[in-house]
Amino acid sequence: MPTVSDFLPLTRADMDARGWDRPDFVYVTGDAYVDHPSFGVSIISRVLEAEGFRVAILSQPDYKSAEAFKEYGRPRLGFLVTAGNIDSMVAHYTAAKRKRTYDYYSAGGKMGNRPDRATIVYCNRIREAYGDVPIIIGGLEASLRRFAHYDYWDDKVRRSVLVDSRADILTYGMGENILRRIARLLDKGVPIRKIRDVRGTCYLCKTEERDTIHFPVAATFDYNELKTDKHKYAEAFGVQYRNQDAINGKAICEVYDNKILVQNPPMPPLEREELDAVYALPYTRTYHPSYEKDGGVPGIEEVRFSVTHNRGCFGACNFCALAFHQGRTVRSRSIESVVAEAKQITEMPDFKGYIHDVGGPTANFRYPACKKQLESGVCANRKCLAPKPCPNLIADHSEYIELLQAIEALPKVKKVFIRSGIRFDYLLADPKDDFFRKLVKDHVSGQLKVAPEHCASPVLRCMGKPDFHVYETFRKKYFELSKECGKEQYLVPYLMSSHPGSTLNEAIDLALCLKRDHYAPEQVQDYYPTPGTASTVMFYTGINPLDMKPVHVVTDYHEKQLQRALLQYNRPENADLVREALTKAGRTDLIGFGPECLVRPAGGRPSPDHRTSERRSGAGKPASVKTATGKASSAKTSSGKPAADRTANGKPARGKPSFDKPASKGGKAPAKNGGRGRR
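Residues numbered from 1 in each chain as written. Predicted model: local features only at pLDDT ≥ 70, side-chain atom pairs only at ≥ 80, totals over all residues. Heavy atoms only, no water.

Draft legend 1. Representation of the pattern of salt bridges within the structure. Scanning all chains against the criterion turns up 49 salt bridges. A salt bridge links Arg114 to Asp31; the shortest N-O distance between them is 2.7 Å. On the criterion of sequence distance, the pair formed by Arg114 in the loop between α3 (88–92) and α4 (118–130) and Asp31 in the loop between β1 (25–29) and β2 (34–35) is long-range, its members being 83 residues apart. With relative accessibility at 3%, the residue Arg114 sits in the buried group. Take Asp31: its relative accessible area is 5%, and that puts it in the buried class. Here the residues in one salt-bridge network are Asp87, Arg117, Arg145, Asp151, Asp154, Arg158, Arg159 and Asp164, joined through shared partners. (Salt bridge = Lys/Arg side-chain N within 4 Å of Asp/Glu carboxyl O. Helix = DSSP H or I, 4+ residues; strand = E, 2+ residues; numbered from the N terminus. Buried < 20%, exposed > 50% of the residue type's maximum accessible area, 1.4 Å probe, protein only.)

Written as structure tokens, this is what we have:
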């Protein structure tokens, strides 16, 4: 078990024990301190340490006064500030804006250790404590709120978080090379306000300093227009989206009265050798020992025995912030680097022989989508996979197979699972089915997570997802291959209600699709408008910012309830809502006792003949999923997951796993994000 001295300083006493008079940087975070490469604070702090800088961690400080921010004194070079692995508002509130009761990134899962809008609050406290000390903000919250942005919780367009926080520089995207450059400049004595040419950063300058901008400018927008003109807001996001590429992206400006926010073009992604070096740093791979008394930090459990092998995602779903944060160009680590980390995992005292995941934002990506991206960048006006795979797409899983086989060959490894999302349309685009067969045979722990999200074409187009027949093709072959292997395995389809583009008619289509397949999820996800996504722009403006066409949007809470209820039409408590939805949509033909009906009439009881029909059709039975053998499993599902999750040996786990607990009543925040989660 690592000792306190193996971590970076978490208290003044830790710093004194190292013999430091003061740190170069104080890193303020809204999360508990976990020294694992799935946590941004851990990566950046270890990268700076490797550059020779002294970094002290200020984790979840008491934000009610400035005193806690004086723990280490004034740092030599400045403060680094992040809200944590995920946006603080997402960490605190559900899609229904209800307060969550559990925090994956706090010791013991305890809520209340960070403030709402943590980046802003922390920076204001630092200013109270030290005045003009350099402050650099980053992480997911800062990255996705770097421009004027629609805020779901305030229901308005807020200013850039750089403006509201009064920080000096905002870093966006993956920050290793950005922070290296800034740290070196500060170390040379360059004033923070003179650092304006670093890619991957935003800064504020006076309007009369417009001529000093270092990069060509794609467009300039005015916040006073953006906060009131929805068409202009959608147009601005489209420009931002098309300039998030390191090769062809340009600077973008926003005017705030007498100041201009300047976003420099993105920093190029880390190449393979650079990624290997980052993941070879001396992480302890666990939480700080001080949290042991509280039961540890829950967020580590999801990644303790997992390996991240790639970054970026050219899938570019419209509801996902990855395109705006990690970018659409994929890079991956070498096989040797990943195997070295896997070997390190096998030496952990509580390792049982099972690697839980070899994945990333999308598990089965290893390289950019095509050779063109390496020289010309990603296409600004089309996606690589949706609505159909680009003719230039190179779908090849051969190196991923080689990587998995190398990990399987390690002496202490019994099994390697893939639990990150598999992009099934990319899998089908591969002319060879070697990986598909190996996936089904060797790497599924009883169930495989996939994300069809919906079945209706208008909704899938707004999501940036392929047509539903692609998923149906995948599903059919998945069960065929499972049967060939003699395995009974499940699919775990994520489903989403009330996404832009979905009317009651599309929700009814999805309910009928679920009924046809004898699939009744215990839990579905309401669409959650979070900063930095095209879908959030659609939700706010009713306009698709990628083509500027109008989109149907559900903002009324009751109609959102109706759509959600349709996806869970078989639940007795939803019967009134389902009847209301069907009546409102003019589909009263689906209210009755026949096999095609979704719900019975209010107070109605079927005749003996109807009851016989129900038994024959399967209506009213527990939720079931077709297995590889063609038989129906009565395992109930949560978000499409079988309730009896399976352990590493394939046997049902005792009791329900934690992700089966409902999130609709103050439930848990996502266990992982910050580039790995799907939202």
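Draft legend 2. How the structure looks around the side chain of Thr29. For Thr29, the position within the fold is in strand β1. Here Thr29 falls in the buried class, since its relative accessible area comes to 2%. For Thr29, the contacting residues outside a window of four places in its chain are Val41, Ile57, Leu58, Ser59, Gln60, Pro61, Thr82, Gly84 and Tyr122. (Contact = heavy atoms within 4.5 Å.)

Draft legend 3. Structural context of unusual backbone geometry. Here the bond from Ala386 into Pro387 is cis, since omega is 0 degrees, no more than 30 degrees from zero. With respect to the helices and strands, Pro387 occurs in the loop between α13 (372–376) and α14 (398–408).

Draft legend 4. Seen up close, helix α10 (residues 272–279). Every buried residue of α10 is listed here: Leu275, Asp276, Val278 and Tyr279. Seen along its axis, α10 keeps its buried residues to an arc of 160 degrees; they face one direction. If you follow the buried residues of α10, they end up packed against α2 (40–50), α7 (176–187), β14 (306–308), β15 (310–311), β16 (331–332) and α12 (335–346). (Arc of directions from axis to C-beta.)

Draft legend 5. Local environment of the nonpolar core. Ile137, Ile407, Phe474 and Leu566 are the most contacted members of the largest nonpolar core, which has 153 residues in total. Residue contacts for Ile137: discarding those within four places in its chain leaves Val81, Thr119, Cys123, Ala142, Val161, Leu162, Ser165, Ala167, Ile169, Leu170 and Thr171. Listed in part, the 38 residues of the second largest apolar core include Tyr33, Ile86, Ile192 and Tyr291. (Core = buried A, V, L, I, M, F, W, Y, C linked by side-chain atoms within 4.5 Å.)

Draft legend 6. The packing of helix α19 (residues 504–516) against helix α21 (residues 557–567), seen in detail. One can describe the packing of α19 onto α21 by two numbers: an axis separation of 8 Å at closest approach and a directional angle of 15 degrees. Put simply, α19 runs roughly parallel to α21. The two elements α19 and α21 meet at a crossing, and its hand is right-handed. Contacts from Leu504, Ala507, Ile508, Leu510, Ala511 and Leu514 of α19 reach α21 at Glu559, Leu562, Gln563, Leu566 and Leu567. The residue inventory of the contact of α19 with α21, partitioned by class, reads nine nonpolar, one polar and one charged. (Axes fitted to C-alpha atoms, helices over the stretch in contact; angles between N-to-C directions. Parallel < 35°, antiparallel > 145°, perpendicular 65-115°, else oblique. Left-handed = near helix turned anticlockwise from the far one by under 90°. Nonpolar A, V, L, I, M, F, W, Y, C, P; charged D, E, K, R; others polar.)

Draft legend 7. Representation of the sheet that holds strand β8 (residues 169–171) in the model. Taken in spatial order, the nine strands make up an open sheet running β3-β1-β4-β5-β8-β9-β12-β11-β10, and their pairing is mixed. Each end of this open sheet is capped by a strand with a single partner; those strands are β3 (55–59) and β10 (217–222). Along the sheet, successive strands turn relative to each other by an average axial angle of 25 degrees, direction set aside. Sheet analysis places β1 next to strand β4 (residues 78–82), joined by five bridges and oriented parallel. The partner of Tyr27 across the bridge, within β4, is Leu80. Together, β1, β4 and β5 (135–137) form the strand contacts of α4, whose direction differs from that of β4 by roughly 160 degrees. Along the sheet, helix α9 (residues 230–242) makes contact with β10 and β11 (251–256), crossing β10 at roughly 155 degrees. (Pairing = 2+ DSSP bridges.)

Draft legend 8. The environment of Gly464, seen in detail. For Gly464, the location among the structural elements is in the loop between α17 (457–463) and α18 (468–484). Distance in space between the C-alpha atoms of Gly464 and Gly315 is 8.4 Å, their sequence separation being 149 residues. In contact with Gly464, other than residues within four places in its own chain, are Gly315, Asn318, Lys383, Ala386 and Arg423.

Draft legend 9. Fine view of empty space enclosed by the protein. Counted by the stated rule, this structure contains eight cavities of 30 Å³ or more. Here the second largest cavity is characterised by a volume of approximately 320 Å³. Around the second largest cavity, the lining is made up of 23 residues, and of these Met267, Pro268, Pro269, His325 and Gln326 lie nearest the centre. Sorting the residues of the lining of the second largest cavity by element identifies α7 and α11 (322–325) as the ones contributing at least two each. For the lining of the second largest cavity, the element with the highest residue contribution is α11, accounting for three residues. Tallied by class, the residues present in the lining of the second largest cavity amount to 11 nonpolar, eight polar and four charged. (1 Å grid on protein atoms, 1.4 Å probe; cavity = no way out; pocket = protein on both sides within 12 Å on 5 of 7 lines; lining within 4 Å. Points joined across faces, edges and corners; volume = space filled by probe spheres on them.)

Draft legend 10. Structural view of the packing of aromatic side chains. Overall, the coordinates contain 31 aromatic pairs when judged by the stated rule. Arranged with centres 5.9 Å apart and planes meeting at 70 degrees, the rings of Phe25 and Phe53 form a pair that is edge-to-face. You can see Phe25 sitting in strand β1 and its partner Phe53 sitting in the loop between α2 and β3, a full 28 residues away along the chain. Taking the relative accessible area as the measure of exposure, Phe53 reaches 8% and is therefore buried. What links up through ring pairs into an aromatic cluster is the set Tyr150, Tyr152, Trp153, Tyr233, Tyr527, Tyr528, Phe539 and Tyr540. Above the plane of the ring of Tyr152 lies Lys97, whose end atom (NZ or CZ) is 4.5 Å from the centre. (Phe/Tyr/Trp six-rings, centres within 6.5 Å; stacked < 30°, edge-to-face > 60°. Lys NZ or Arg CZ within 6 Å of the ring centre and 35° of its normal.)

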